[in-house]
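Descriptive analysis of the structure
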Amino acid sequence: MATQPRSTDDILREALEANGQRFTEQRAAVYHFLASTRSHPTADEVYLQVRSAVPVISLATVYKSLETLVGCGLAVKLTYGDGSARYDGRTDPHHHARCLSCSRIVDLPGQVPAEEIEELHEDTGSFQVTGYRLEFTGYCADCAAERRGASEAMAHG
Ligand code: ZN
Ligand code: MN
């Protein structure tokens, strides 16, 4: 028998149970939204979206649900120097680029090869690398176009 593709709810149910957590409608709504977007939303943005599907949900519940998803390996939390955080429903290896103008986060393909990480361990002699954080910075398509427009207006003004 061919294996059926697992539904988002099945994936969530399994991951929650494996981590001793209960499946709830609130957690499902948060996970559904996160799995459906590439926008790397903040907890506030998730709350605004999920509230339309589950009106009784609170910001605190959304926040706790997001942290539970991160704990179960179903989401990744991206933290920033100003104390803000964004959540990513995409957990396969990929890089991020952050727009210096509007703070938008864009996915970029790629990952640091395992051999390179092993070499780092050898190079430092002792440091045990368990992960890495790498962020590209620049301007998203919209902001890059705006900047081009502004510099052109300056040149012609
Ligand atoms: Zn931008
Ligand atoms: Mn991402």
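The paragraphs below set out a description of the structure included in this document.

**Observations concerning the packing of helix α2 (residues 25-36) against helix α4 (residues 59-71)**
- Two elements in contact, α2 and α4, have axes separated by 9 Å at closest approach and are oriented at 70°. Considered as vectors, α2 and α4 are oriented roughly perpendicular to each other. Crossing angle aside, the handedness with which α2 passes α4 is right-handed. Contact residues: Gln-26, Arg-27, Val-30, Tyr-31 and Leu-34 in α2; Thr-61, Val-62, Ser-65, Leu-66, Thr-68 and Leu-69 in α4.
- When grouped by side-chain class, the residues that make up the contact of α2 with α4 number six nonpolar, four polar and one charged.

**A look at the layout of surface pockets**
- Its volume calculated, the largest pocket comes out at about 450 Å³.
- Every residue lining the largest pocket is counted, 16 residues in all, and those nearest its centre are Val-76, Leu-78, His-96, Tyr-132 and Arg-133.
- Residue assignment for the lining of the largest pocket shows that the elements contributing at least two residues are β1 (76-79) and β3 (95-99).
- Of the residues assigned to the lining of the largest pocket, the class counts are six nonpolar, five polar and five charged.
- Mapped onto the domain boundaries, the lining of the largest pocket takes at least three residues apiece from domain 1 (1-91) and domain 2 (92-157).

**Regarding helix α1 (residues 8-18)**
- All buried positions along α1 are accounted for by Leu-12, Ala-15 and Leu-16. For α1, the angular spread of the buried residues around the axis is 100°, confining them to a single face. For α1, exposure combined with an orientation more than 90 degrees from the buried face picks out Glu-17 and Ala-18.
- Residues of α1 that are buried make contact with α2 and α4.

Conventions used here
- Residues numbered from 1 in each chain as written.
- Chains lettered and ligands numbered in written order.
- Predicted model: local features only at pLDDT ≥ 70, side-chain atom pairs only at ≥ 80, totals over all residues.
- Heavy atoms only, no water.
- Axes fitted to C-alpha atoms, helices over the stretch in contact; angles between N-to-C directions.
- Helix = DSSP H or I, 4+ residues; strand = E, 2+ residues; numbered from the N terminus.
- Parallel < 35°, antiparallel > 145°, perpendicular 65-115°, else oblique.
- Left-handed = near helix turned anticlockwise from the far one by under 90°.
- Contact = heavy atoms within 4.5 Å.
- Nonpolar A, V, L, I, M, F, W, Y, C, P; charged D, E, K, R; others polar.
- 1 Å grid on protein atoms, 1.4 Å probe; cavity = no way out; pocket = protein on both sides within 12 Å on 5 of 7 lines; lining within 4 Å.
- Points joined across faces, edges and corners; volume = space filled by probe spheres on them.
- Domains from an automatic or database assignment.
- Buried < 20%, exposed > 50% of the residue type's maximum accessible area, 1.4 Å probe, protein only.
- Arc of directions from axis to C-beta.

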